[in-house]
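Letter by letter, the chains look like this.
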Amino acid sequence: MAAETPALILDNRAPASWRQRIKDARLPWIPITILLVIVFCAIFANLISPYDPRENDVRNKTQPPFASAGHVLGTDKLGKDVLSRLIHGSRTMLQVTAPSIIVAILAGTMVGLVSGYSGRWVDSALMRITDAVLGFPSILVALLIVTYLGTGVWNVMIAIAATQWARFARMIRGEVLSVRDRDFVVLAQIYGVSPGMIVWRHLFPNVINTLMVLTSVSIGQVILLEASLSFLGLGLKVGDPAWGIMIAEGRKLLTQAWWIALFPGLIITIVVMAFNFFGDWLRDYLDPRLRRAG
C-alpha cells in the first residue's frame, strides 16, 4: 500500500536575519556612503569645518591645496578656506534641496492622484497645465521666476518646486491610470467608499514605489538646478557657501587657482552620480520582476 501523502507540509525555515536581508538586497554601499557623508557634513558643519566659510584672510589668498596643514584644500582669492566652504556648501545644498523637493512631491502627487482618478475634464485640464510646465526647460522657468522674485534661499526653493512638480504629476497620473480599474478599486466604488478614501487607501499605496524612485533621481536634478542658478548669480547671495557660487568665483582663475572651481565641481558630480546610482538600485529592488530574475 502506498504511503499517504501528507495534507499539509509545514515550512519550518526560520525567517531570514536582518544581516541576511541586507545581503540579499545588494545595497549600493558606495553611493550610500557618499550620501551619508554629505548629510553628516551638512548637520555638523559648524563642528567639523576648520574655519568660518565667510571669513576673509587676504594674507593667505589663493593658497594652493596641500601646501599647508592649515588649509588642506587651499584658499580662494579672498583667503576663505575652500574645505570649510565645501562643508558648509553641503548644508546649503540640503537646506535648499530638501524643502523644495518635498513641496514638489506633495504638489505633483496630489495633482497626479486627482487627475488620474477623476478623469474626463479634470484630467484634461490638469494635464494640459502639466504639459505646459514640462514644455519649457527647467532652467529657463527657474531663471524667469528668480529674476522676477529676486535672489535668496526662499525664492530659489520656489523656483525649484515650480519646475519639478510636473514630473511627479505626470508619472503618478500614469500609475493611477493602471490601477484605478482593478477589482479592489471597483469593489470599493460599489460599496460606496468616498473618492478621497479610495485615493488615500487604495491608489496612493500603489504609487509609493514609483514615487520613491522618481524622488531619488530628481534630487540630483534639483542639485544641478540650484548650482546652476547660483553659478549665474541668480541663486544665493554672493559670498554664501554654496557650490555653484564657488565655481562662479573660480572660473576666472582657472589657470592661476584651478582648485577654487575644481573641488566644488567634483563634489557636485559625485553627489549627483551617487543619487542617480541609488535611484537605479532602488528601481531594480522595488521591481518584483527584476528582483526574481536576480
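Quick notes on the rules
- Residues numbered from 1 in each chain as written.
- Predicted model: local features only at pLDDT ≥ 70, side-chain atom pairs only at ≥ 80, totals over all residues.
- Heavy atoms only, no water.
- Axes fitted to C-alpha atoms, helices over the stretch in contact; angles between N-to-C directions.
- Helix = DSSP H or I, 4+ residues; strand = E, 2+ residues; numbered from the N terminus.
- Parallel < 35°, antiparallel > 145°, perpendicular 65-115°, else oblique.
- Left-handed = near helix turned anticlockwise from the far one by under 90°.
- Contact = heavy atoms within 4.5 Å.
- Nonpolar A, V, L, I, M, F, W, Y, C, P; charged D, E, K, R; others polar.
- Buried < 20%, exposed > 50% of the residue type's maximum accessible area, 1.4 Å probe, protein only.
- Patch = residues over 30% accessible without salt bridge, like charges linked within 9 Å, V, L, I, M, F, W, Y side chains within 5 Å.
- Areas by Shrake-Rupley, 256 points an atom, 1.4 Å probe, with all protein chains shown as cover.
- Salt bridge = Lys/Arg side-chain N within 4 Å of Asp/Glu carboxyl O.
- pLDDT = per-residue confidence, 0-100.
- Core = buried A, V, L, I, M, F, W, Y, C linked by side-chain atoms within 4.5 Å.

The axes of two packed helices give the description: the angle between them and the distance between them. Remark: helix α10 (residues 208-231) packs on helix α11 (residues 243-250), axes separated minimally by 7 Å, with the N-to-C direction vectors making an angle of 40°. Between α10 and α11, the interaxial angle falls into the category oblique. Two packed elements cross with a definite hand, and for α10 against α11 that hand is right-handed. Contact residues: α10 offers Ala227, Ser230 and Phe231, while α11 offers Gly244, Ile245, Ile247 and Ala248. Split into classes, the residues belonging to the contact of α10 with α11 amount to 5 nonpolar, 2 polar and no charged.

Here the focus is unusual backbone geometry. A positive phi angle, near 45°, is found at Thr62, a position not held by glycine. Inspection of the secondary structure assignment puts Thr62 in the loop between α3 (45-48) and α4 (82-118). For Thr62, a relative accessible area of 34% gives the class partly exposed. Phi is positive for Phe66, which is not a glycine, with a value near 60°. Structurally, the position occupied by Phe66 is in the loop between α3 and α4.

So, about the environment of Arg173. Within the secondary structure layout, Arg173 lies in helix α7 (residues 153-179). Judged by relative accessible area, Arg173 falls into the buried class, the value being 18%. Taking the C-alpha atoms as reference points, Arg173 and Asp123, 50 residues apart in sequence, are found 8.9 Å from one another.

The next subject is a nonpolar patch on the surface. On the surface, a nonpolar cluster with roughly 620 Å² of combined accessible area is contributed by Val39, Phe40, Ile43, Phe44, Leu47, Ile48 and Leu94. Of all elements in the fold, only α2 (29-43) and α3 reach the threshold of two or more residues within the nonpolar patch. Counting residues per element, the nonpolar patch draws most heavily on α2, which supplies 3 residues. As for its placement among the helices and strands, Phe40 is situated in helix α2. You can call Phe40 partly exposed: its relative accessible area is 43%.

Across all of its chains, the model carries 9 salt bridges by this definition. Glu249 is the salt-bridge partner of Arg85, the closest N and O atoms lying 3.6 Å from each other. With Arg85 in helix α4 and Glu249 in helix α11, the pair connects residues that are 164 residues apart, well separated along the chain. Its relative accessible area of 1% is what places Arg85 among the buried residues. Between Arg283 and Asp284 there is a salt bridge whose closest N-O contact spans 3.4 Å. What makes Asp284 partly exposed here is its relative accessible area of 32%. Shared partners join several salt bridges into a network, and the residues in it are Arg128, Asp131 and Arg170.

Time to look at the side chain of Gln164. On the secondary structure map, Gln164 appears in helix α7. The buried category is assigned to Gln164, whose relative accessible area is 2%. Not counting the four nearest positions on each side in its chain, Gln164 is found in contact with Ala104, Ser138, Gln221, Val222 and Leu225.

This prediction gives the protein a mean pLDDT of 84; 89% of its residues lie at or above 70. Considering each helix and strand of the protein separately, the mean pLDDT is smallest for helix α13 (residues 288-293), with a value of 52, and largest for α2, with 93. Within the model, pLDDT remains below 50 along residues 1-11, and this stretch shows 0 contacts once partners closer than five positions in the same chain are excluded.

Residues Leu203 and Trp243 are the most contacted members of the largest nonpolar core, which totals 56 residues. Ranked by residues supplied to this core, first place goes to α7 with 11 residues. With residues near it in sequence (within four places) discarded, Trp243 still touches Ile38, Leu86, Gly89, Ser90, Met93, Pro264, Ile267, Ile268 and Val271.

So, about the side chain of Ser218. The residue Ser218 is located in helix α10 in this model. In contact with Ser218, not counting residues within four places along its chain, are Ile101 and Phe168.

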